[in-house]
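Given next are the chains, with one letter for each unit.
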Amino acid sequence: MADIRIEWPDPEGQEIVERLFAVSMALRAHFEETATDVGLTVPQAHTLIHLQEPQRMGEVAAHLRCEPSHVTAIADSLERCGFLRREPDPEDRRAKRLLLTHRGQQLRDRLLARLFERAPIISVLDASQRTELLSLLRTAQSVAGADIRR
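None of the values given here were measured: they were computed from a predicted structure.

### Details of the nonpolar core
Item 1. L40, L48, L78, L84 and L98 are the most contacted members of the largest nonpolar core, which totals 21 residues.
Item 2. Within the residue set of this core, elements represented by two or more residues are α1 (11-37), α2 (42-50), α3 (57-64), α4 (68-80), β3 (92-100) and α5 (102-117).
Item 3. With 4 residues, α4 is the largest single contributor of residues to this core.
Item 4. What L48 contacts, discounting residues up to four positions off in sequence, is L40, L78, F83, L100, G104, L107 and R108.

### Overview of helix α6 (residues 127-144)
Item 1. With 18 residues, α6 extends 26 Å from end C-alpha to end C-alpha; this agrees with the ideal 26 Å at 1.5 Å per step.
Item 2. One or two steps after α6, the chain reaches G145, where phi turns positive at roughly 75 degrees.

### Things to note about α5
Item 1. With 16 residues, α5 should cover 22 Å at 1.5 Å per step; its first-to-last C-alpha distance of 23 Å lies within 8% of that length.
Item 2. Buried residues of α5: G104, L107, R108, L111 and L115, and no others. Along the long axis of α5, the arc covered by the buried residues comes to 105 degrees, so they all point the same way. Seen from the open side of α5, the exposed residues pointing more than 90 degrees away from its buried face are H102 and F116.
Item 3. Residues of α5 that are buried sit in contact with α1, α2 and β3.

### Some words on the pairing of β3
Item 1. One ladder, built from 2 bridges, connects strand β1 (residues 55-56) with β3; its direction is antiparallel. Residue pairing across strands places Q55 opposite L98, the latter belonging to β3.
Item 2. Taken together, the 6 bridges between strand β2 (residues 84-89) and β3 define a ladder with antiparallel strand orientation. Considered in β3, the bridge of L84 is made with L100.
Item 3. Between β2 and β3, which pair antiparallel in sequence order, lie 2 residues.

### Re the pattern of salt bridges
Item 1. Counting across every chain of the model gives 10 salt bridges.
Item 2. Between D92 and R94 there is a salt bridge, with its nearest N and O atoms 3.0 Å apart.
Item 3. The structure contains a network of salt bridges with shared partners spanning E33, E117 and R118.

### Focus on a nonpolar patch on the surface
Item 1. A grouping of I4, I6, W8, V17 and F21 is seen on the molecular surface, where their side chains present a nonpolar patch of about 580 Å² in accessible area.
Item 2. As for its position among the elements, F21 is in helix α1.
Item 3. Given a relative accessible area of 57%, F21 falls into the exposed group.

### Some remarks on the sheet that holds β1
Item 1. Here 3 strands make up an open sheet; going across it, the order is β1-β3-β2 and the pairing antiparallel. Pairing within the sheet leaves two strands with one partner each, and these edge strands are β1 and β2.

### Considerations on the packing of α2 against α3
Item 1. Following both chains from N to C, one finds α2 and α3 inclined at 120 degrees, their axes separated by 11 Å at the closest point. Relative to α3, the element α2 lies oblique. Between α2 and α3 lies a crossing whose hand is right-handed. Across the interface between the two elements, H46, T47 and H50 of α2 pack against E59, V60, H63 and L64 of α3.
Item 2. Across the contact of α2 with α3, the residue classes tally to 2 nonpolar, 4 polar and 1 charged.

Rules behind the numbers
- Residues numbered from 1 in each chain as written.
- Predicted model: local features only at pLDDT ≥ 70, side-chain atom pairs only at ≥ 80, totals over all residues.
- Heavy atoms only, no water.
- Core = buried A, V, L, I, M, F, W, Y, C linked by side-chain atoms within 4.5 Å.
- Buried < 20%, exposed > 50% of the residue type's maximum accessible area, 1.4 Å probe, protein only.
- Helix = DSSP H or I, 4+ residues; strand = E, 2+ residues; numbered from the N terminus.
- Contact = heavy atoms within 4.5 Å.
- Expected span 1.5 Å × (residues − 1).
- Arc of directions from axis to C-beta.
- Pairing = 2+ DSSP bridges.
- Salt bridge = Lys/Arg side-chain N within 4 Å of Asp/Glu carboxyl O.
- Patch = residues over 30% accessible without salt bridge, like charges linked within 9 Å, V, L, I, M, F, W, Y side chains within 5 Å.
- Areas by Shrake-Rupley, 256 points an atom, 1.4 Å probe, with all protein chains shown as cover.
- Axes fitted to C-alpha atoms, helices over the stretch in contact; angles between N-to-C directions.
- Parallel < 35°, antiparallel > 145°, perpendicular 65-115°, else oblique.
- Left-handed = near helix turned anticlockwise from the far one by under 90°.
- Nonpolar A, V, L, I, M, F, W, Y, C, P; charged D, E, K, R; others polar.

Written as structure tokens, this is what we have:
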């Protein structure tokens, strides 16, 4: 069978896209491996990282881009392990906020430290390369309209 070859009109653009996808996959794999190493699922790890400050469960669901019922299941498992607790939201007592316990904060700190100690891409760049990459990514993101600071 013959290989199908697609000719891109912009070979440099093609390489950029391919490399960005490769970097993204490497970062995702690193995140999954690190979460597993500290005893968490990927959704649990994302939740712990996002809970720098207490958050309403609906806000966590929006950040994770999932249904609120999924956050309930994540919160249940993290609460059973003693990593977070629920409390009424002071602004709307019908809503619940999630906040990290002391154990949860310790686990979050450990997770973040492990994520960044061997992070693909970041750990191999020197300070000036990191600054340059960050500037380029910010420019690309602003043009694309992607908002990562939800």
